[in-house]
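Descriptive analysis of the structure
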Amino acid sequence: MGLLKKVVVFTLSIVLLSTIGLYSMQERLIFLATKLPQEYTYHFAEPFSEVFIETEDNARLNALHFTVENPKGVLLYFHGNAGDLSRWGEIASYFTTLQYDVLVMDYRTYGKSTGTLSEANLYQDSQAWYNWLLYTYREEQITVYGRSLGTAFATYIASKNSPKQLLLETPFYNLEEAAQNRIPFLPLKYLLKYKFPSNTYITEVTCPVTIFHGTSDSVVPYESGKKLSQLVPEDTCTFVTIPEGEHNNLSAFPAYIEAVTKALE
């Protein structure tokens, strides 16, 4: 019994320490931001301008606006959880080859963007960028695109506005489920300060939705994206399966290129 008691105490101690560590460090686990000096100069092959907006709580947010001649529309691109615009600008600028302008932003604490992180602040920032586009573009010209973490903000924005369409690459059902897949032994429902309930917001989306997901995604399971798609009426949702596609390489597959090109025609 003495050995059993020690094992139980040890196990409970590990769980307790893991719980405390997760709660206190969850922002570092969710947001893998890299910073850039304010004087950093971006370099891309495509024409672009750098944009800053100020928020009511004095955050300063940074974005890149890529432009083409005679655009078919504009893509509002919400990137994944790692890196900054020096990387994501290169990724998002791909859509200029499909004759679209692109606006891609860094979230608070990423790149040159400043401010305090919170779920409410991130949603408000997302809406601020959508509003910025409305000064130049008609709403029916705006395609909202989210990748990985960015699918949470893209889905939120599409649920609160009336864009032309919503495109989601490797989306998760909600953050609790995504985290539970990785840490099944902790009571994450009570620990997570961030919820990102895309499964709730997507039921409020009225525009067409296209979801891209690879069957070999080890970060966000294929089943998560599939389950999310089932919350959208069949006549407004296209689910694109990328056989053997992983979390960060869908653009290498002809099936993705064909599907995203079709969606943006």
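Just above, that's the structure.
I will try to describe carefully the structure that is included in this document. Worth saying up front: this structure is predicted, and the values here are computed from it rather than measured.

In spatial order, the strands read S2-S3-S6-S4-S7-S8-S9-S10; together these eight strands make up an open sheet with mixed pairing. Both outer strands of the open sheet, strand S2 (48–54) and strand S10 (237–242), are each paired with one neighbouring strand and no more. Averaged over all adjacent pairs, the angle separating strand axes in this sheet is 20°, with direction ignored. Looking at chain direction, S2 and strand S3 (residues 60–66) are connected through seven bridges and run antiparallel. Looking across to S3, one finds that Glu54 is bridged to Arg60.

What follows is about the pattern of salt bridges. Across all of its chains, the model carries eight salt bridges by this definition. Put simply, Arg60 and Glu54 hold a salt bridge, and the shortest N to O gap is 3.3 Å. The shortest N-O distance in the salt bridge between Glu169 and Arg147 comes to 3.8 Å. Linking Glu169 in strand S8 (residues 165–169) with Arg147 in strand S7 (residues 142–147), this pair joins segments that are 22 residues apart in sequence. With respect to burial, Glu169 and Arg147 carry one shared label: buried. Residues joined by salt bridges that share partners form a network here, namely Asp57, Arg108 and Asp125.

By the definition in use, this model includes one cavity of 30 Å³ or more. When its volume is computed, the largest cavity comes out at roughly 50 Å³. Lining the largest cavity are Leu61, Phe78, Met105, Asp106, Tyr107, Arg108, Leu122, Asp125, Ser126 and Trp129. A total of four residues in the lining of the largest cavity trace back to one element, the largest contributor, which is helix H3 (residues 119–134). Of the residues that constitute the lining of the largest cavity, the class distribution is six nonpolar, one polar and three charged.

The phi angle at Asn58 is positive, at roughly 70°, despite the residue not being glycine. Considering the arrangement of structural elements, one finds Asn58 in the loop between S2 and S3. Classification of Asn58 as exposed rests on a relative accessible area of 67%. For Phe196, which is not glycine, the phi torsion reads 45° and is therefore positive. Topologically, Phe196 is positioned in the loop between helix H6 (188–191) and helix H7 (198–201).

Next up on the list: the environment of Asn62. Within the secondary structure, Asn62 is located in strand S3. Here the alpha-carbon distance between Asn62 and Val104, two residues 42 residues apart in the chain, equals 8.9 Å. Ignoring anything within four residues of it in the chain, the contact list for Asn62 reads Tyr42, Glu50, Val51, Phe52, Leu85, Met105, Asp106, Lys112, Ser113 and Trp129. Separated by 2.8 Å, the side chains of Asn62 and Tyr42 make a polar contact. Among the polar contacts listed, one links the side chain of Asn62 to the side chain of Glu50, at a separation of 3.2 Å.

The next subject is the pairing of S3. Buried residues dominate S3, accounting for six of its seven residues. The turn linking S2 back onto S3 is made up of five residues, and Asn58 within it adopts a positive phi angle of 70°. Alignment of S3 against strand S6 (residues 101–105), held across four bridges, turns out to be antiparallel. Looking at S6, one finds that Ala63 is bridged to Met105.

Reading the values: the criteria
- Residues numbered from 1 in each chain as written.
- Predicted model: local features only at pLDDT ≥ 70, side-chain atom pairs only at ≥ 80, totals over all residues.
- Heavy atoms only, no water.
- Pairing = 2+ DSSP bridges.
- Helix = DSSP H or I, 4+ residues; strand = E, 2+ residues; numbered from the N terminus.
- Axes fitted to C-alpha atoms, helices over the stretch in contact; angles between N-to-C directions.
- Salt bridge = Lys/Arg side-chain N within 4 Å of Asp/Glu carboxyl O.
- Buried < 20%, exposed > 50% of the residue type's maximum accessible area, 1.4 Å probe, protein only.
- 1 Å grid on protein atoms, 1.4 Å probe; cavity = no way out; pocket = protein on both sides within 12 Å on 5 of 7 lines; lining within 4 Å.
- Points joined across faces, edges and corners; volume = space filled by probe spheres on them.
- Nonpolar A, V, L, I, M, F, W, Y, C, P; charged D, E, K, R; others polar.
- Contact = heavy atoms within 4.5 Å.
- Polar contact = N/O pair within 3.5 Å; in protein donor to acceptor, adjacent residues only side chain to side chain.

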